[in-house]
Amino acid sequence: MLIQSKRGEAPRVSILGIPVDRVTMDEAVARIEGYLAVDRPHMVVTADSSGIVAAQSDVEFREILLRADLVTPDSVGILWAAKRSGAPIAGRVSGVDLLDSLCGRSADRGYRVFLLGSSPGVAEMAAERLRLRHPGCLIVGTRHGYFPPESDEVVAREVAQSQPDLVFVAMGIPRQEKFIASTLHLMGARVAMGVGGSLDVFSGRVRRAPKLFQTLRLEWLWRLMLNPRKYQKVLSLPRFVWMVLRDR
């Protein structure tokens, strides 16, 4: 079902009550660059099937998704559900690809980037590799994501000291979104976005799925093969399918 955007942008598709923007990768990047030109904070969410399922029982997380400025389609399940509702989406707009694209634009346009999350040392390694990948990329700070929610405000103020434009938070769903929602006003960034395991990928710690798996839309299977402990997240997919089939 299509629903009107609050901001007069293209209509969104409602998936289990969560509005998802029907954007391509280029459109999402253009919209984020528009946010970067406005002097106020914006929150971007990359929504996958597991996140939509979690939002059905987590009221706080659901409200965060409803208030987000941009919610991109970040899984095969989201694409399937959108097509079934009669509002197809061209393709995935993932956190890892958005981070890569925006870091490339940082090199050209001077966007100040902060990488927050993953285990100690990973954000620093990801920053080094991103600077090599995008010479001139302005990564102004890094920090690991191993801290309790009670320290969120302290960490947010640490981030603010670097005066970032863009903050990428890699602490997993819904922890990263809850952190952003509660501290966005403190970080001073114009855009903050949760990017899941993206820092692990860019650091080289985790290998991204080969192109064949991406083409066949089987990245979830690749991630499960690399880390069988992710089976609980994978199991949310059949639950998501069941919930969508039941939803009227």
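Above this text is the structure in question.
Rules and cut-offs
- Residues numbered from 1 in each chain as written.
- Predicted model: local features only at pLDDT ≥ 70, side-chain atom pairs only at ≥ 80, totals over all residues.
- Heavy atoms only, no water.
- Salt bridge = Lys/Arg side-chain N within 4 Å of Asp/Glu carboxyl O.
- Helix = DSSP H or I, 4+ residues; strand = E, 2+ residues; numbered from the N terminus.
- Buried < 20%, exposed > 50% of the residue type's maximum accessible area, 1.4 Å probe, protein only.
- Phe/Tyr/Trp six-rings, centres within 6.5 Å; stacked < 30°, edge-to-face > 60°.
- Expected span 1.5 Å × (residues − 1).
- Contact = heavy atoms within 4.5 Å.
- Pairing = 2+ DSSP bridges.
- Arc of directions from axis to C-beta.
- Core = buried A, V, L, I, M, F, W, Y, C linked by side-chain atoms within 4.5 Å.
- Axes fitted to C-alpha atoms, helices over the stretch in contact; angles between N-to-C directions.
- Polar contact = N/O pair within 3.5 Å; in protein donor to acceptor, adjacent residues only side chain to side chain.
- Parallel < 35°, antiparallel > 145°, perpendicular 65-115°, else oblique.
- Left-handed = near helix turned anticlockwise from the far one by under 90°.
- Nonpolar A, V, L, I, M, F, W, Y, C, P; charged D, E, K, R; others polar.

### Points about the pattern of salt bridges
Part 1 of the argument: Per the counting criterion, the structure on display carries 13 salt bridges.
Part 2 of the argument: Among the salt bridges present, the one from Arg92 reaches Asp74, with a minimum N-O distance of 2.7 Å. Taken together, the positions of Arg92 in the loop between helix H4 (76–84) and helix H5 (95–109) and Asp74 in the loop between strand S5 (70–73) and H4 put the pair 18 residues apart, joining distant regions of the chain.
Part 3 of the argument: When its relative accessible area of 28% is taken as the criterion, Arg92 is described as partly exposed.
Part 4 of the argument: Classification of Asp74 as buried rests on a relative accessible area of 14%.

### Some thoughts on the packing of aromatic side chains
Part 1 of the argument: The final tally for this structure, using the stated rule, is two aromatic pairs.
Part 2 of the argument: Taken together, a centroid distance of 6.5 Å and an interplanar angle of 70° make the contact between Trp80 and Phe240 edge-to-face. You can see Trp80 sitting in helix H4 and its partner Phe240 sitting in helix H12 (residues 231–246), a full 160 residues away along the chain.
Part 3 of the argument: Measuring from centroid to centroid gives 5.8 Å for Phe147 and Phe179, while their planes differ by 65°, and the two rings are edge-to-face. In this pair, Phe147 is assigned in the loop between strand S7 (139–143) and helix H7 (152–160) and Phe179 in helix H8 (residues 175–187), connecting sequence segments 32 residues apart. Each of the two residues, Phe147 as well as Phe179, counts as buried.

### Considering helix H1 (residues 25–36)
Helical geometry: 3.6 residues make up each α-helical turn, so side chains three or four residues apart lie on a common side.
Part 1 of the argument: End to end, H1 covers 17 Å across 12 residues, agreeing with the expected 16 Å (1.5 Å per residue, within 8%).
Part 2 of the argument: Residues of H1 that are buried: Met25, Ala28, Val29, Arg31, Ile32, Glu33, Tyr35 and Leu36.
Part 3 of the argument: The inward-facing, buried residues of H1 contact strand S3 (18–21), strand S4 (42–47), S5, H5, strand S8 (166–170) and strand S9 (191–194).

### Notes on the pairing of strand S2 (residues 12–15)
Two faces belong to every sheet, and in a regular strand the side chains alternate between them.
Part 1 of the argument: Side-chain alternation along S2 places Arg12 and Ser14 on one buried face and Val13 and Ile15 on a second face that is also buried.
Part 2 of the argument: Of the pairings in the sheet, the one linking S2 to S3 comprises four bridges and is antiparallel in character. Paired with Val13 across the strands is Val20, a residue of S3.
Part 3 of the argument: Between S2 and the antiparallel strand that follows it, S3, lie two residues; Leu16 among them carries a positive phi value of about 50°.

### With respect to helix H6 (residues 122–133)
Part 1 of the argument: With 12 residues, H6 should reach 16 Å at 1.5 Å per residue; the first-to-last C-alpha distance of 16 Å fits that figure.
Part 2 of the argument: Among the residues making up H6, those that are buried are Val122, Ala123, Ala126, Ala127 and Leu130. End-on, the buried residues of H6 take up no more than an arc of 135°, which puts them together on one face. Away from its buried face by more than 90 degrees, H6 exposes Glu128 and Leu132.
Part 3 of the argument: Of the surrounding elements, those touching the buried residues of H6 are H5, strand S6 (113–117), S7 and helix H9 (198–203).

### Quick notes on the nonpolar core
Part 1 of the argument: Ile15, Ile52, Leu116, Val167, Phe179, Met187 and Phe240 are the most contacted members of the largest nonpolar core, which totals 41 residues.
Part 2 of the argument: Contacts of Ile52, omitting those with residues within four sequence positions, involve Ile15, Leu16, Ile18, Ala47, Ile78 and Phe240.
Part 3 of the argument: Among the nonpolar cores identified, the runner-up in size contains 33 residues, and Leu70, Val122, Val195 and Leu199 belong to it.

### Describing the environment of Asp26
Part 1 of the argument: The residue Asp26 is located in helix H1 in this model.
Part 2 of the argument: Taking relative accessible area as the criterion, Asp26 reaches 62% and is therefore assigned exposed.
Part 3 of the argument: Distance in space between the C-alpha atoms of Asp26 and Leu98 is 9.3 Å, their sequence separation being 72 residues.

### Examining the sheet that holds S7
Part 1 of the argument: Read from one edge to the other, the open sheet built from six strands follows the order S5-S4-S9-S8-S6-S7, with strand pairing classed as parallel. Among the strands making up the open sheet, the edge pair consists of S5 and S7. On average, each strand axis in the sheet is inclined to that of its neighbour by 15°, with strand direction left out of account.
Part 2 of the argument: Summarising the sheet, S6 and S7 pair through four bridges and their orientation is parallel.

### Concerning the side chain of Asp48
Part 1 of the argument: The topology assignment puts Asp48 in the loop between S4 and helix H2 (49–57).
Part 2 of the argument: A polar atom in the side chain of Asp48 sits 2.8 Å from the backbone nitrogen of Gly51.

### Some remarks on the environment of Arg239
Part 1 of the argument: Tracing the sequence through the fold places Arg239 in helix H12.
Part 2 of the argument: Distance from Arg239 to Ser49, taken between C-alpha atoms, is 9.1 Å for residues 190 residues apart in sequence.

### Brief notes about the packing of H1 against H5
Working note: a packed helix pair is described by the angle between its axes plus the distance between those axes.
Part 1 of the argument: Taken N-terminus to C-terminus, the directions of H1 and H5 make an angle of 50°; their axes are 11 Å apart at the nearest point. Looking at the two axes, H1 sits oblique to H5. Like other packed secondary-structure pairs, H1 and H5 cross with a definite hand, here right-handed. When H1 is examined against H5, the residues Met25, Ala28, Val29, Ile32 and Glu33 are found in contact with a partner set consisting of Asp97, Leu98, Ser101, Leu102, Arg105 and Arg109.
Part 2 of the argument: Each residue belonging to the contact of H1 with H5 can be placed in one class, and the counts come to six nonpolar, one polar and four charged.

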